[in-house]
Amino acid sequence: MSLVGENMDIKLDMLEEITNKFAEDRKVGSGPYGDVYRGVYNGQEIVVKKIHDIHGLDDSAFLDELHNLCKIDHPNVVRLIGYCREQERKFITYNGQLIVTMVNQRAICYQYVEGRSLDWHISDESCVFDWPTCYKIIKGICEGLKHLHCAQEKPIYHLDLTLDNILLDENKTAKISGLGLSRLVSSTKEHKAQISIGTRGYMPPEYIDSGITSRKFDVFSLGLIIMAIMAGHRGHLLRYEMPRGEVVELVTRIWKKKLHDTSGHSSQEINIVEVKTCVDIALRCVNSDQNRRPLIKDIVSELDELEATIKKMTLYSDQPKDLIGLQKRSDSSILTVDPTLELRFVFEPRKDLSCCLQLTNKTDSSIAFNIKTNNQTKYCTEPNKGIMPPCSKCYVCVTLQAQEEAPPNMQCNDMFTVQSVNVSDDMDSDDITEDFFKRAMVEKVVDVVKLPIVYVARGQFPC
């Protein structure tokens, strides 16, 4: 026997029966839009959200929307089962007289998820789970949100993505719940003037200031959730207290301490790369400018690329020696170097020869760079260190000092190395020393790009 008919209507008397007339002992929670009850129907546990009476609700528009929401089938989204909308006759006293009035009764039914909400597992400092579980939860939320935004004929915006609306099943699989409640409010004719969608604290500035809703609304909320998993309930405040690079370093240090006694060296290296990537994603998600927030499909692609790179490295290397370089790929290349493969000089004897590099800072934080070669007397680099502002470019001139003759067969074993790291905005070039980068290397926060130096004979080029 199906709980919902073809038109998805669930009778009120059925819901009253399975919740014992919405008894207090069946109540499992409350929210801004209504109370939540647990019930059993035909051996199947469900959750019934009894919605408060909302003035101006367009029932037909919302019911059409619910038909679309019921088609959603994804392991990281709580399945919507049906909807109840009925009018109930009630007797009330008005001006000393007993009168009859019609009261709207509405409820939404979801699949029941065995487990608590994510909020229950987070303290002021961090999440109670180990890092692999935290990463699984973060990735699951991202994949569920991508399904809502990208897999439907029209994008579905949640508009109330909070820690309370992320449920965890017995396997700690994240499931997005609460779908439909904000959409119910947004379907009212007067919601802009009287009712705010979403939950205070998870709303992006463009909605607070101008009432603008878009897919970037959910992305902002996602960033706050990830920060709470990484650094506790007050984690999101860090972005107001320090530059972005310092936030990444602080959260990384916190997780390094937690991981120190709980995982082997190789596993810890991999976990730290994932930590840095997730913090960086979270900080981009909560950017006050919605145009600078990433799309959810790009976030999932970034995490997929990170996992593929880690898998490849663990398959082909016993030691995670390239994990420092992995940081570059995992956070969308904090500093790109052009050319990308090798540094070429058109060799002529007894002449100084120069070529040019372009460094590009793609992030919205400052980056310190340091350039080295394995033969400092042979090459001159200008500048060889510096600090690049957010979203900027820097041109570097590399000069091969005059050589009496070419090496045999034009073979060169020299290597050009560019080191980079996120830094605070108040740092200057005098602070960039060998010791500074040595300390950063120990903490695994340095991005390293290596370019082989290649000599090319002028005769190899046509006139």
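Heads up: these notes are all about the structure in this document. (Residues numbered from 1 in each chain as written. Predicted model: local features only at pLDDT ≥ 70, side-chain atom pairs only at ≥ 80, totals over all residues. Heavy atoms only, no water.)

**Let's talk about unusual backbone geometry**
Between Asp-338 and Pro-339 the backbone carries a cis peptide bond, its omega angle lying at 10°. One can find Pro-339 in the loop between strand E8 (335-338) and strand E9 (343-347). The amide bond that connects Glu-382 to the next residue, Pro-383, takes the cis arrangement and shows omega of -5°. Tracing the backbone through its elements, the reader meets Pro-383 in the loop between strand E12 (379-382) and strand E13 (385-388). Residues other than glycine seldom take positive phi values, yet Asn-20 does so here, at roughly 55°. Among the secondary structure elements, Asn-20 is positioned in the loop between helix H1 (12-18) and strand E1 (27-31). Given a relative accessible area of 44%, Asn-20 falls into the partly exposed group. (Helix = DSSP H or I, 4+ residues; strand = E, 2+ residues; numbered from the N terminus. Buried < 20%, exposed > 50% of the residue type's maximum accessible area, 1.4 Å probe, protein only.)

**A closer look at the layout of surface pockets**
As a volume, the largest pocket reaches approximately 790 Å³. In terms of lining residues, the largest pocket is bounded by 35 residues, among which Gly-29, Val-36, Lys-49, Asp-164 and Leu-167 are the most central. Counting residues per element, the ones that place at least two in the lining of the largest pocket are E1, strand E2 (34-41), strand E3 (44-51) and strand E5 (97-111). Broken down by class, the residue content of the lining of the largest pocket amounts to 15 nonpolar, twelve polar and eight charged. (1 Å grid on protein atoms, 1.4 Å probe; cavity = no way out; pocket = protein on both sides within 12 Å on 5 of 7 lines; lining within 4 Å. Points joined across faces, edges and corners; volume = space filled by probe spheres on them. Nonpolar A, V, L, I, M, F, W, Y, C, P; charged D, E, K, R; others polar.)

**As for the state of the cysteines**
Scanning the model with the defined rule gives zero disulfides in all. Distance from the sulfur of Cys-127, which forms no disulfide, to the nearest cysteine sulfur (Cys-134) is 3.8 Å. Assessed through its relative accessible area of 2%, Cys-127 is described here as buried. (Disulfide = S-S within 2.5 Å.)

**Focus on the pairing of E2**
A large share of E2 lies buried, amounting to six of its eight residues. Summarising the sheet, E1 and E2 pair through four bridges and their orientation is antiparallel. Paired with Gly-29 across the two strands is Val-36, which belongs to E2. Examined bridge by bridge, E2 and E3 share eight bridges and lie antiparallel to one another. Each residue of the ladder has a partner; that of Gly-34, found in E3, is Ile-51. If you look at the hairpin formed by E2 and E3, you'll find two residues sitting between the two strands, and Asn-42 has a positive phi there, around 55°. (Pairing = 2+ DSSP bridges.)

**Quick notes on the sheet that holds strand E14 (residues 392-400)**
Note: strands within a sheet are paired through backbone hydrogen bonds, in either parallel or antiparallel orientation. Taken together, the four strands give an open sheet; going across it, the order is E8-E10-E14-E12, and neighbouring strands pair in antiparallel fashion. Edge positions in the sheet fall to E8 and E12, since each of these pairs with one other strand and no more. Strand-to-strand twist in this sheet, taken as the mean axis angle between neighbours without regard to direction, amounts to 25°. (Axes fitted to C-alpha atoms, helices over the stretch in contact; angles between N-to-C directions.)

**Some thoughts on the environment of Phe-217**
Summarising the element assignment, Phe-217 is placed in helix H7 (residues 215-231). Separated by 76 residues in the primary sequence, Phe-217 and Arg-293 have C-alpha atoms spaced 9.8 Å apart.

**Quick look at the nonpolar core**
One finds Leu-118, Trp-131, Leu-222, Ile-229 and Met-230 to be the most contacted residues of the largest nonpolar core, which totals 68 residues. Here this core gets eleven residues from one element, more than from any other, and that element is H7. Residues in contact with Met-230, not counting those within four places in the same chain, are Glu-125, Ser-126, Trp-131, Ile-138, Val-251, Trp-255, Val-275, Cys-278 and Val-279. Core analysis: the second largest hydrophobic core is formed by 26 residues, Ile-334, Leu-343, Phe-345 and Phe-369 among them. (Core = buried A, V, L, I, M, F, W, Y, C linked by side-chain atoms within 4.5 Å. Contact = heavy atoms within 4.5 Å.)

**Looking at the packing of aromatic side chains**
As enumerated under the stated definition, the model contains six aromatic pairs in all. Consider the rings of Tyr-207 and Phe-217, whose centres lie 5.5 Å apart with planes at 70°: the pair is edge-to-face. Residue Tyr-207 is located in helix H6 (residues 205-210), and its partner Phe-217 is located in helix H7; the two are separated by ten residues in the primary sequence. There is no split in this pair, since Tyr-207 and Phe-217 are both buried. (Phe/Tyr/Trp six-rings, centres within 6.5 Å; stacked < 30°, edge-to-face > 60°.)

**As for the packing of helix H3 (residues 131-150) against H7**
Interaxial distance between H3 and H7 falls to 11 Å at its minimum, and their mutual angle equals 175°. Taken as axis vectors, H3 and H7 run roughly antiparallel relative to one another. When H3 is examined against H7, the residues Trp-131, Cys-134, Ile-137, Ile-138, Ile-141, Cys-142, Leu-145 and His-149 are found in contact with a partner set consisting of Arg-215, Asp-218, Leu-222, Ile-225, Ile-226, Ile-229 and Met-230. Tallied by class, residues from the contact of H3 with H7 come to twelve nonpolar, one polar and two charged. (Parallel < 35°, antiparallel > 145°, perpendicular 65-115°, else oblique.)

**Some details on the pattern of salt bridges**
This structure, assessed with the given rule, holds twelve salt bridges. For Lys-139, the salt bridge identified is with Glu-307, shortest N-O distance 3.0 Å. Taken together, the positions of Lys-139 in helix H3 and Glu-307 in helix H11 (residues 296-316) put the pair 168 residues apart, joining distant regions of the chain. On the basis of relative accessibility, which here comes to 8%, the residue Lys-139 falls in the buried class. (Salt bridge = Lys/Arg side-chain N within 4 Å of Asp/Glu carboxyl O.)

**Focus: the pairing of strand E10 (residues 353-361)**
Within E10, seven of the nine residues are buried, which leaves it mostly tucked inside the rest of the structure. Sheet topology note: the E8/E10 ladder contains four bridges and is antiparallel. Opposite Val-337, over in E10, you have Leu-359 as the bridge partner. For E10 and E14, the ladder comprises nine bridges, and the chain directions are antiparallel. Residue Cys-355 lies in a different strand from E14, and its bridge partner there is Val-398.

**Considerations on the sheet that holds strand E4 (residues 80-94)**
If you trace the five strands from one edge of the open sheet to the other, you get E1-E2-E3-E5-E4, paired in antiparallel fashion. Pairing within the sheet leaves two strands with one partner each, and these edge strands are E1 and E4. When strand polarity is set aside, the average angle formed by the axes of neighbouring strands in this sheet is 30°.

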